[in-house]
Amino acid sequence: MDEIDRMLVGLLQEDATQSYAALGAAVGLSGGAAHERVRKLRERGVIRRTTIEVDHAALGRAVTAYVLVQGGSWMGDAGAALAAIPEVEEAHVIAGPASVLLKVRTAGTGELQDVLRRIFEVAGVTGTQTVVVLETFFERSLK
């Protein structure tokens, strides 16, 4: 991946609706050349999907929490069960004080409590520690 590819990825992260002509102009290429580069980035898996950024509070999910999940055994096989909980946005097997780290978004703390109950129903879960976000300074995509 060269510097032009990195610039294209950064531009698409800022606004994925840009035309290939606009992308090309921003990096010194024709629209066709920019399109070809983006196509190759998709084929290589650098660009996995195109999405939008949303205001979670406006969607009724104003509470963000990070949940450390302790397991009595290896939790690496719990991905499907955790993915079945719609409020869980991210799940990561980690090294450290827990086995899995989850990012959860809910409408309120009552809904968060319900999600925690459902997490406890996942096979192998023995405990959780939850950190509720009070304010987000920023969320950044890699460029």
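Just so you know, these numbers come straight off a predicted model, no measurement behind them. (Residues numbered from 1 in each chain as written. Predicted model: local features only at pLDDT ≥ 70, side-chain atom pairs only at ≥ 80, totals over all residues. Heavy atoms only, no water.)

**Observations concerning the overall build of the chain**
Across its full length, the chain holds 5 helices and 4 strands. Along its sequence from the N terminus, the chain presents helices and strands in the succession α-α-α-β-α-β-β-α-β. The C-alpha radius of gyration of the chain comes to 19 Å, more than 25% above the 15 Å expected for a compact globule of 143 residues. C-alpha atoms of the chain, sized along the principal axes, occupy 55 × 35 × 25 Å. Per-residue burial for the chain yields a buried fraction of 29% across its 143 residues. When contacts within the chain are restricted to residue pairs at least 6 apart in sequence, those whose partners lie at least 24 apart make up 64%. Surface exposure of the chain reaches about 9,200 Å², of which carbon and sulfur atoms provide 53%. In the chain, 15 positive and 18 negative side-chain charges are present, and the distance between their average locations comes to 5 Å. (Helix = DSSP H or I, 4+ residues; strand = E, 2+ residues; numbered from the N terminus. Rg over C-alpha atoms; globule rule 2.2 N^0.38 Å. Buried < 20%, exposed > 50% of the residue type's maximum accessible area, 1.4 Å probe, protein only. Contact = heavy atoms within 4.5 Å. Areas by Shrake-Rupley, 256 points an atom, 1.4 Å probe, with all protein chains shown as cover. Lys, Arg positive; Asp, Glu negative; His and termini not counted. Charge placed at Lys NZ, Arg CZ, Asp CG, Glu CD.)

**A short note on the packing of helix 1 (residues 3-14) against helix 3 (residues 31-43)**
Helix 3 packs onto helix 1 with a crossing angle of 85° between their chain directions and a minimal axis gap of 11 Å. The angle between helix 1 and helix 3 places the two elements in the roughly perpendicular class. Of the residues in helix 3, those touching helix 1 at Ile4, Asp5, Leu8, Val9 and Leu12 are Ala34, Arg37, Val38 and Leu41. Among the residues forming the contact of helix 1 with helix 3, the class breakdown is 7 nonpolar, no polar and 2 charged. (Axes fitted to C-alpha atoms, helices over the stretch in contact; angles between N-to-C directions. Parallel < 35°, antiparallel > 145°, perpendicular 65-115°, else oblique. Nonpolar A, V, L, I, M, F, W, Y, C, P; charged D, E, K, R; others polar.)

**Here's the deal with the sheet that holds strand 2 (residues 88-93)**
Overall, antiparallel pairing links the 4 strands, which are arranged 2-3-1-4 in an open sheet. Lying at the two open borders of the sheet, with one neighbouring strand each, are strand 2 and strand 4 (125-132). Strand-to-strand twist of the sheet, defined as the mean angle between neighbouring strand axes without regard to direction, takes the value 20°. Pairing of strand 2 with strand 3 (residues 100-106), which is carried by 5 bridges, proceeds in the antiparallel orientation. Residue pairing in the sheet places Val93 in a bridge with Val100 of strand 3. Running at roughly 155° to strand 4, helix 5 (residues 109-120) makes contact with strand 1 (63-71), strand 3 and strand 4 of the sheet. (Pairing = 2+ DSSP bridges.)

**What to know about helix 1**
Its 12 residues place the ends of helix 1 17 Å apart at the C-alpha level, agreeing with the 16 Å of an ideal helix rising 1.5 Å per residue. In this fold, the buried residues of helix 1 make contact with helix 2 (20-27) and helix 3. If you check the start of helix 1, you find a side-chain oxygen 3.2 Å away from the backbone N of Ile4, and it comes from Asp2. (Expected span 1.5 Å × (residues − 1). Polar contact = N/O pair within 3.5 Å; in protein donor to acceptor, adjacent residues only side chain to side chain.)

**A short note on the pairing of strand 3**
Counting buried residues along strand 3, 6 of its 7 residues qualify, which places the element largely inside the surrounding structure. Sheet topology places strand 1 next to strand 3; 7 bridges connect them, and they run antiparallel. By the bridge assignment, Val69 is partnered in strand 3 with Val100. Between strand 2 and strand 3, which follow one another and run antiparallel, lie 6 residues, and Gly96 among them has a positive phi close to 140°.

**Quick word on helix 3**
Compared with the 18 Å implied by 1.5 Å per residue over 13 residues, the 18 Å span of helix 3 between its first and last C-alpha is a close match. Every buried residue of helix 3 is accounted for by Ala34, Val38 and Leu41. The arc that holds every buried residue of helix 3, seen down its axis, measures 55°, which confines them to one face. Along helix 3, the residues that are exposed and aim more than 90 degrees away from the buried face are Gly32 and Glu43. Those residues of helix 3 that are buried are in contact with helix 1 and helix 2. (Arc of directions from axis to C-beta.)

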